[in-house]
Amino acid sequence: MQANGAGQDPGSELSCRSSAQNGEGSSAGGAHANGLVSVTNNGNSVTDNNGLSDQAEESNNANDVNSTVKKKKRLSQSEEDVIRLIGQHLHDLGLNQTVDMLMQESGCRLEHPSATKFRNHVMEGEWDKAESDLNELKALMHSPSAIVRMKFLLLQQKYLEYLEDGKVLEALQVLRAELTPLQYNTERIHVLSGYLMCSNAEDLKAKAEWEGKGSPSRTKLLDKLQTYLPPSVMLPPRRLQNLLRQAVELQRERCLYHNTKMDSGMDSVSLLLDHACSRKQFPCYTQQVLTEHCNEVWFCKFSTDGTKLATGSKDTTVIVWQVDPESHQLKLLKTLEGHAYGVSYLAWSPDDVYLIACGPDDCSELWLWNVQTGELRTKMSQSHEDSLTSVAWNPDGKRFVTGGQRGQFYQCDLDGNLLDSWEGVRVQCLWCLGDGRTVLASDTHQRIRAYNFEDLTDRNIVQEDHPVMSFTVSKNGRLALLNVATQGVHLWDLQDRVLVRKYQGVTQGFYTIHSCFGGHNEDFIASGSEDHKVYIWHRRSELPVAELSGHTRTVNCVSWNPVVPGLLASASDDGTVRIWGPAPFQDVQDTDGPNESSSMDS
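As a convention, each chain's residues are numbered from 1 in the sequence order in which they are written. Only residues with pLDDT of 70 or above have their local features reported here, since the model is predicted, and side-chain atom pairs are shown and tallied only from 80 upward, although totals for entire chains, interfaces and linings are computed over all residues. To obtain the side-chain values, all non-hydrogen atoms of the structure were used and water was disregarded.

**Q** Please clarify how the packing of helix 3 (residues 77-92) against helix 12 (residues 239-254) should be interpreted in this entry.
**A** Only C-alpha atoms enter the line fits that serve as axes; for helices the fit covers just the stretch in contact. Angles between N-to-C directions range over 0 to 180 degrees. A helix here means a DSSP run of H or I that spans at least four residues, while a strand means a run of E at least two residues long, and both kinds are numbered starting from the N terminus. At a closest axis distance of 8 Å, the pairing of helix 3 and helix 12 adopts a crossing angle of 110 degrees. Here helix 3 lies roughly perpendicular to helix 12, going by the angle between them. Listed contacts from helix 12 to L85, I86, Q88, H89 and D92 of helix 3 are R239, L240, Q241 and L243. Between 65 and 115 degrees an angle is taken as roughly perpendicular, under 35 as roughly parallel, over 145 as roughly antiparallel, and anywhere else as oblique. Should any heavy atoms of two residues lie within 4.5 Å, those residues are considered in contact.

Okay, here's the thing in structure tokens:
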């Protein structure tokens, strides 16, 4: 193939290739490299659409039709790449004649002839010929040493197919005389030798995790072999589909309002339009206003399975709401009463059977409710001087930690029995990590520290310059979301111990406001605010994608449904709980145009 035409006259013709390269044979009945075969018709040689025999050319001249071969535009490298990608995709669809015509007319080559020969021999199981083809390919490879790895893969397939056919002696010969002398991957050879003991073909397939002799396993083998060949020699498998999938995924990731599960396939995607989600599909619209509380609502939290919402209020009650699985409307399920100081914090057990309620700073009691029966299982108070304002469940669901700003920090069982304690820690907020050993606690020193109850060690994780009023941790335990006094909402990487992002817009003073991760894959962040609004950000963007108005006083807490990405709850000092969802009766295909669903830079 000629070099890229950069720097040359764009009007110059594409030079003709030699017969060996372009596949234009001079003899009748010869096969073209692009797959087209010339034949004879009543003694007149007939070729493809892009070449004219002498007899046909004289006939056309006599009829005053084009007397010269049509000039071809010189193709750039990117244009040649596109043609090859299209050709590969058409070939995968079985449209081989179309591929031949495309390659012939464009003057391109789908892959190197040696690669084509190698492919055919592999798919036909002609292992000796395929091994011989490697010698031809060696000169075309960037790393000739990869030939050993390719040969190993070929011989491994050959060995397994012999075993499946019951040709144990032949398989043993391959193992001893061909695979072992390569002196490559000795550990794998030991595993392969163990397959000699398989009782039958099904046993072999199960132990080797192999599809068996035939097209599927040989196709997978070719995919592995191709990784050692330059793309100029043989294209990576399904390259066009992979590029299109990457483009779709990138558009989804940059979409401000994308909040649904990404389908790994391409069947549900239109390639004719750019991906754009509408704001109307996002939880920006009030679906319901819950007014059953008669005083400030301090906290709200969806259950782990998303079927219930618990809200705690200054009116001394906890209300548990049932989420309708179809309409996502909430209705009152249970009212849990008797919290004399009010309820400022709630925590569901991992299995959603229990709910723990804590009060404000001057509350020394903690309530553990059985949500299913509505009965109080435990009312715990270690000392009247305690301040049990925060709680977190251990992942095993059998223990929890609790504490407050008066220096108490306890680990207890479901009956409130003290298991461990940590003295001198003035706790603002708590969280148990997934390892079951580590507890994160924000304290009055403007930091978050990790405490291990097993080896009794602690270490600093996060250090802020202002009080950490509350924090929450992502499901994977990697990120922490902090509400920092006078600063707003900060995102920290707990593993690298670095501040990742400061989110703008929210008004945060010295009130305790609880933010949350949410949406599909926890791609979004929501927080209440002292300016009566709910703010939503995409995790990668400092500017809010939505500001939700409706409350008339400070929004103390937000909770995103962990199962329904389009359902969000907010609790406010105005005594109401608002449920936010997509716009009612909107067409899911509707988009708001480029301004409303613009892409976001990473």
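**Q** Help me out: how do you make sense of the packing of helix 7 (residues 146-164) against helix 8 (residues 168-179) in this one?
**A** The contact between helix 7 and helix 8 brings their axes to 8 Å, and the two run at 160 degrees. The angle between helix 7 and helix 8 places the two elements in the roughly antiparallel class. Note on packing geometry: the crossing formed by helix 7 with helix 8 is left-handed. For the pair formed by helix 7 and helix 8, the contact residues are F152, L155, Q156, K158, Y159, Y162 and L163 on the first element and E170, A171, V174, L175, E178 and L179 on the second. A crossing counts as left-handed when the near helix is turned anticlockwise from the far one by less than a right angle, and as right-handed when that turn is clockwise.

**Q** Just checking my understanding: could you explain the pairing of strand 13 (residues 399-403) for this structure?
**A** One face of the sheet, then the other: side chains in a regular strand alternate in exactly this way. With 4 of 5 residues buried, strand 13 lies mostly within the body of the structure. Here a strand pair is declared whenever DSSP counts at least two bridges between the two strands. Here strand 12 (residues 390-393) runs beside strand 13; their pairing, made up of 4 bridges, is antiparallel. When the sheet's bridge partners are listed, V391 is paired in strand 13 with T402. Between strand 12 and strand 13, which pair antiparallel one after the other, the connecting turn spans 5 residues, and G397 there sits at a positive phi close to 75 degrees. Bridge count for strand 13 against strand 14 (residues 409-413) is 5 bridges, and the pairing is antiparallel. Pairing of G403 across the sheet is with F409, part of strand 14. Hairpin geometry of strand 13 and strand 14 is characterised by an intervening segment of 5 residues between the two adjacent antiparallel strands and by a positive phi of about 95 degrees at G407. A simple rule labels every residue: compare its accessible area, found with a 1.4 Å probe on the protein chains alone, to the largest value its type can have, and call it buried under 20%, exposed over 50%, or partly exposed in between.

**Q** Looking at this structure, how should I read the state of the cysteines?
**A** As used here, a disulfide is simply a covalent bond connecting the sulfur atoms of two cysteines. In plain terms, two cysteine sulfur atoms within 2.5 Å form what is called a disulfide here. In this structure the tally under the stated criterion is 0 disulfides. Between C516, a free cysteine, and C557, which holds the nearest cysteine sulfur, the sulfur-to-sulfur gap is 7.5 Å.

**Q** I would appreciate a short explanation of the UniProt feature "repeat: WD" (unreviewed entry) in the protein in the present structure.
**A** UniProt positions are given in the numbering used here, feature names are shortened, and annotations may be inferred rather than shown by experiment. In the numbering used here, UniProt assigns the "repeat: WD" (unreviewed entry) feature to residues 290-324, 336-367 and 548-580. Note that residues 290-324 is 0% helix and 54% strand, and that its end C-alpha atoms are spaced 15 Å apart. Across residues 548-580 one finds 0% helix and 48% strand; the C-alpha atoms that close the span lie 9 Å apart.

**Q** Just checking my understanding: could you explain the nonpolar core for this structure?
**A** What tends to happen in soluble globular proteins is that the nonpolar side chains get buried as a cluster. For our purposes a nonpolar core is just a set of buried Ala, Val, Leu, Ile, Met, Phe, Trp, Tyr and Cys residues, chained together by side-chain atoms within 4.5 Å. Core analysis: the biggest nonpolar cluster contains 61 residues, and L309, L355, F400, L440 and L482 have the highest contact counts within it. Beyond its immediate chain neighbours, meaning those up to four positions away, L482 contacts I448, V462, E464, V468, S470, F471, G488, V489, H490 and W492.

**Q** Quick question: what am I supposed to make of the sheet that holds strand 12 here?
**A** Two strands in a sheet stick together by hydrogen bonds in their backbones, pointing the same way (parallel) or opposite ways (antiparallel). If you trace the 4 strands from one edge of the open sheet to the other, you get 12-13-14-15, paired in antiparallel fashion. Looking at strand neighbours, the two that pair on one side only are strand 12 and strand 15 (418-421), the edges of this open sheet. Across the sheet, the mean angle separating the axes of adjacent strands is 25 degrees when strand polarity is ignored.

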